[in-house]
Amino acid sequence: MMNYFSKLPVFEGKVLECYQQGFYLFETLYMEKGKIRHAQLHLKRLQMSLEKLKWPKHLQEKELEIWWQEFVNFVEKGQDLRPQRIKLSLIPDFENQKLLIDLTQVPYHRSEEELLLCFDSEALRHSQDVLWQYKWGERIRMNYFLKKINSYADDVIFINEKNEICETTRHNIVVQIEGKQITPPLCSGLLPGTFRAHLLQEKQIEEHPITREELIHAQKIWVCNALTGLHPARII
């Protein structure tokens, strides 16, 4: 079995160029009491992304699964049982057909305050743009909106050409309408978040397109991601 993964060396050449341009995938993981939450759902998303992108060309599903389990075992060996935010970056090395790994880990504190969401006339995307279904390192556009609304809101809501809700810069969206908890389907143009996948797997939510007007008048609004879990939110 070939080794398609290696620890990130000093950045150079095309690898450095890929990293600087954000042309790499990453997973944000939440670990508490020495266990990564929903590790298998992160693996599933990674498998889907690498298979579609063909990074590396001949990587087999079983090889990825073995490497992932080794990675999880390594991370969970740490002695710090406090909540942790882990960023796993996978940078393509096309010349050697490898994925270079970069790992950062910091303590994480979850805020209990309700998140304030807003709309922005520039926060638009097309539902057929499948690139939103990958967790790219490139965050220029996302960071632009976060900086723009920083003084009055926590996150901005993206809308597609059908006036349907997509997601925010950092979260999937869940709403309660007529007593049902629903979330936009992937075809609206959004990232398949792992906590969203967990809620769907547990049948706690269901997929259905949500218009801007429906979101505004929803009985309840939540956002979710791997770090925050399901978190209350409101529109300002």
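Above this text is the structure in question.
Note that this is a predicted model, so its numbers are computed, not measured.

1. Digging into the overall build of the protein chain
Here is step 1 of the chain: Scanning the protein chain from terminus to terminus reveals six helices and 13 strands.
Here is step 2 of the chain: Relative to the compact-globule value of 18 Å for 236 residues, the protein chain shows a C-alpha radius of gyration of 18 Å, a close match.
Here is step 3 of the chain: Dimensions of the protein chain, computed from C-alpha atoms along their principal axes, come out at roughly 55 × 35 × 35 Å.
Here is step 4 of the chain: Looking at the protein chain as a whole, 49% of its 236 residues are labelled buried.
Here is step 5 of the chain: When contacts within the protein chain are restricted to residue pairs at least 6 apart in sequence, long-range pairs at least 24 apart make up 68% of them.
Here is step 6 of the chain: Working note: accessible area of the protein chain is about 13,000 Å², and carbon and sulfur atoms make up 52% of it.
Here is step 7 of the chain: Each charge sign in the protein chain was given a centre, from 31 positive and 32 negative side chains, and these centres are 2 Å apart.

2. Digging into the environment of Gln79
Here is step 1 of the chain: Position of Gln79 among the secondary structure elements: in the loop between α3 (61-76) and β4 (84-93).
Here is step 2 of the chain: Note: C-alpha distance between Gln79 and Cys118 (39 residues apart in sequence) is 40 Å.

3. Some remarks on the pattern of salt bridges
Here is step 1 of the chain: Following the criterion strictly, the structure yields nine salt bridges and no others.
Here is step 2 of the chain: Lys148 serves as the salt-bridge partner of Asp120, at 3.0 Å between the closest nitrogen and oxygen. With Asp120 in strand β6 (residues 115-124) and Lys148 in helix α4 (residues 140-148), this residue pair connects regions lying 28 residues apart in the sequence.
Here is step 3 of the chain: Assessed through its relative accessible area of 34%, Lys148 is described here as partly exposed.
Here is step 4 of the chain: Several salt bridges share partner residues, and in doing so they unite Asp120, Glu122 and Lys148 into one network.

4. Re the side chain of Ser127
Here is step 1 of the chain: Mapped onto the elements of the fold, Ser127 is located in the loop between β6 and α4.
Here is step 2 of the chain: A relative accessible area of 7% means that Ser127 is categorised as buried.
Here is step 3 of the chain: Looking at Ser127, its side chain comes within polar contact range of the side chain of Glu161, at 2.7 Å.
Here is step 4 of the chain: Not counting residues up to four positions away in its chain, the partners in contact with Ser127 are Asn160, Glu161, Lys162, Cys187, Ser188 and Gly189.

So, how was this worked out
- Per-chain numbering applies: the sequence of each chain, read as written, is numbered from 1 onward.
- In keeping with the predicted nature of the model, local features appear solely for residues at pLDDT of at least 70, side-chain atom pairs appear and are counted solely at 80 or more, and the whole-chain, interface and lining totals rest on all residues.
- As a rule here, side-chain values come from all non-hydrogen atoms in the structure, and water together with hydrogens is ignored.
- By the criteria applied, helices consist of DSSP H or I runs no shorter than four residues and strands consist of E runs no shorter than two, each listed in order from the N terminus.
- Put simply, the radius of gyration uses C-alpha atoms, and a globule should come to 2.2 Å times the residue count raised to 0.38.
- For every residue, the accessible area (1.4 Å probe, protein chains only) is compared with the maximum for its type, and the residue is labelled buried under 20%, exposed over 50%, or partly exposed between those bounds.
- Should any heavy atoms of two residues lie within 4.5 Å, those residues are considered in contact.
- Method for areas: the Shrake-Rupley scheme with a 1.4 Å probe, in which residue coverage is limited to the protein chains shown.
- Lys and Arg are tallied as positive, Asp and Glu as negative. Neither His nor the chain termini are counted.
- One atom stands in for each charge, and that atom is NZ of Lys, CZ of Arg, CG of Asp or CD of Glu.
- Whenever a carboxyl oxygen of Asp or Glu lies within 4 Å of a side-chain nitrogen of Lys or Arg, that contact is scored as a salt bridge.
- Two N or O atoms count as a polar contact when they lie within 3.5 Å, although within protein this holds only if one can serve as hydrogen donor and the other as acceptor, and sequence-adjacent residues are included solely when both atoms are side-chain atoms.

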